[in-house]
Amino acid sequence: MTVLVFLDPEFPNGRLADASEPQLMATDLGATRGDGIFESMLAVDGSPRKMDAHLDRLASSAQALELDPPARGDWERAVTTALAELTRREGTGEGAGDGTGEAIVKLLLTRGIEGAHSPTAWVAASAVPAGMRERAADGVSVLLLDRGYDSTLAERAPWLLLGAKTLSYAVNMAALRYAKANGADDVIFTSSDGKVLEGPTSSVILAVEEDGVKMLLTPELESGILPGTTQRALFDAAEAAGWARGYGPLEPAHLMEADGVWLVSSIRLLAPVTSIDGTPISSSPALTEELTALLRGALAEG
């Protein structure tokens, strides 16, 4: 069950739409060219988590694409409307999910109908699928896949929109299909010069402990990866708890030698990596439990 709320000037709190009926024009540039952006965030008991961070990243992506996004208040009201409707439907037994009161909220913005010069914006809210967290907690096997460009390309070619969360996810989905066809669950992209980048739908973090100091590491943003809102929330919470933190450059050898590696995203939260290219790596349930608790605490504050 998905709730759709379109941002419409005639409806200050957003316009509810029937998700079972066609809603997007066939000439919308988001559908015909992937010309648009999106954000996905977690909501708990009807309250979105880290919404300011997601709206900040949405604004950054919009700037990169030269899109004129709706005002933050318009997004906030539409999200409130969507979550209230989702809660109502779940209360009447119409919704479906894992029973935790958690929901996936997506903010979507396209360039709109070709030639109309008016963006299309909407919110989609749905319950977190049953069992998704349990599957992630069991650990994931990943393949390292070459993304086909070096780690300095983002600075040389800003028109490639590296680091923007665009709707053009065909390559990301193809990578996940390739992984599954080859016996793995997920992917970690690498650059052509051998640097660790990110997952198709996640950030990569790893933990190391040296001389009694625990440290979290993640690839550097300058390599053209998407700034991770969940990764940042976890890093802030871990630092407050006494962890050190650092940013790449990282190479595959660092993953193999780490005390733990995770794929981190707003919906799955932490998914421990258990093998890379078929080779088992260190996986610590205790570290996963500790970091998950830190992350949930940080999200609760949001």
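Every chain begins its residue count from 1, and numbering advances along the sequence as written. Totals for whole chains, interfaces and linings use every residue, but because this is a predicted model, local features are given only for residues with pLDDT of at least 70 and side-chain atom pairs only at 80 or more, for both listing and counting. Hydrogen atoms and water are omitted, and side-chain values are computed over all heavy atoms in the structure.

(A) How the structure looks around the nonpolar core. Only buried residues count toward a nonpolar core, which is a set of Ala, Val, Leu, Ile, Met, Phe, Trp, Tyr and Cys residues joined through side-chain atoms within 4.5 Å. Residue burial is assigned from relative accessible area. The probe radius is 1.4 Å, only protein chains are included, and a residue is buried under 20% of its type maximum, exposed over 50%, and partly exposed in between. Ranked by size, the top nonpolar core spans 26 residues in total, and within it Ile37, Trp75, Val79, Leu83, Val105, Leu107 and Val123 carry the most contacts. Two residues form a contact once any of their heavy atoms are found within 4.5 Å. Residues within four places of Leu107 in sequence aside, it is in contact with Ile37, Phe38, Glu39, Met41, Leu55, Trp75, Val79, Trp122 and Val123.

(B) The arrangement of helix 2 (residues 51-65) in detail. The terminal C-alpha atoms of helix 2 lie 21 Å apart, and with 15 residues this matches the ideal 21 Å at 1.5 Å per residue to within 8%. Helix and strand labels come from DSSP, where a helix needs a run of H or I of at least four residues and a strand needs a run of E of at least two; each type is numbered from the N terminus. Of the residues making up helix 2, those classed as buried are Met51, Ala53, His54, Leu55, Arg57, Leu58, Ser61, Ala62 and Leu65. Turning to helix 2, the residues buried within the fold contact strand 3 (36-44), strand 4 (47-48), helix 3 (72-91), strand 5 (102-110) and helix 7 (229-240). Positioned one or two residues after helix 2, Glu66 has a phi angle of 55°, which is positive. In a helix, the anticipated span is given by 1.5 Å times the number of residues less one.

(C) Spatial organisation of the sheet that holds strand 6 (residues 120-127). If DSSP finds at least two bridges between two strands, the strands pair. Reading across the sheet, the six strands line up as 2-1-6-5-3-4 and stay open at both edges, with antiparallel pairing between neighbours. Strand pairing shows two members of the sheet lacking a second neighbour, strand 2 (11-17) and strand 4, which therefore form its edges. For strand 1 (residues 2-8) and strand 6, the ladder comprises five bridges, and the chain directions are antiparallel. Among the inter-strand pairings, Leu4 is bridged to a residue of strand 6, identified as Ala124. Packing of helix 3 onto the sheet brings it into contact with strand 1, strand 2, strand 3, strand 4, strand 5 and strand 6, and relative to strand 6 it is tilted by some 30°. Helix axes are fitted only over the stretch in contact, all axes being lines through C-alpha atoms; the angle between N-to-C directions runs from 0 to 180 degrees.

(D) Local environment of helix 9 (residues 285-301). For helix 9, with 17 residues, the first-to-last C-alpha span of 24 Å sits near the 24 Å given by 1.5 Å per residue. Listing the buried residues of helix 9 in full gives Leu287, Thr288, Leu291, Leu294, Leu295, Ala298 and Leu299. Along the long axis of helix 9, the arc covered by the buried residues comes to 135°, so they all point the same way. Those residues of helix 9 that are exposed and aimed more than 90 degrees away from the buried face are Pro285, Ala286, Glu289, Ala293, Ala300 and Glu301. Against strand 3, strand 9 (203-210), strand 10 (213-218), helix 7, strand 12 (260-265) and strand 13 (269-276) lie the buried residues of helix 9. The arc in question is formed by the directions pointing from the helix axis toward the C-beta atoms.

(E) The arrangement of the pairing of strand 6 in detail. Counted residue by residue, strand 6 has eight buried out of eight residues, so it is predominantly covered. Across the two faces of strand 6 the burial is the same, with Thr120, Trp122, Ala124 and Ser126 and Ala121, Val123, Ala125 and Ala127 all buried.

(F) Spotlight on the packing of helix 2 against helix 3. In the contact formed by helix 2 and helix 3, the axes pass within 11 Å of each other and the chain directions differ by 130°. Considering their axes alone, helix 2 and helix 3 lie oblique with respect to each other. The interaxial crossing formed by helix 2 with helix 3 has right-handed handedness. Between helix 2, through Met51, Asp52, Leu55, Asp56 and Leu58, and helix 3, the contact on the second element is made entirely by Arg72, Trp75, Glu76 and Val79. Convention used here: angles under 35 degrees read as roughly parallel, angles over 145 as roughly antiparallel, angles from 65 to 115 as roughly perpendicular, and any remaining angle as oblique. The crossing is said to be left-handed when, going from far helix to near helix, the turn is anticlockwise and less than a right angle, and right-handed when the turn is clockwise.

(G) Quick look at the side chain of Thr288. Structurally, the position occupied by Thr288 is in helix 9. Not counting residues up to four positions away in its chain, the partners in contact with Thr288 are Trp262 and Pro272.

(H) The arrangement of the packing of aromatic side chains in detail. Ring geometry is summarised as follows: Phe, Tyr and Trp rings, the Trp one being its six-membered ring, pair when their centres sit within 6.5 Å, and such pairs are stacked at plane angles under 30 degrees, edge-to-face over 60 and tilted between the two. Counted under the stated rule, the structure contains three aromatic pairs. Relative to Tyr247, the ring of Phe235 has its centre 5.6 Å away and its plane inclined at 50°; by these criteria the two rings are tilted. With Phe235 in helix 7 and Tyr247 in strand 11 (residues 244-247), the pair connects residues that are 12 residues apart, well separated along the chain. By relative accessible area, which is 0% here, Phe235 ends up buried.

(I) Representation of the side chain of Ser265. Mapped onto the elements, Ser265 comes out in strand 12. By the criterion applied in these results, polar contacts are pairs of N or O atoms within 3.5 Å in which, for protein atoms, one can donate a hydrogen and the other can accept it, and in which residues neighboring in sequence qualify only through two side-chain atoms. Side-chain polar atoms of Ser265 contact the backbone nitrogen of Arg268, separated by 3.4 Å. For Ser265, the contacting residues outside a window of four places in its chain are Thr201, Ser202 and Thr230.

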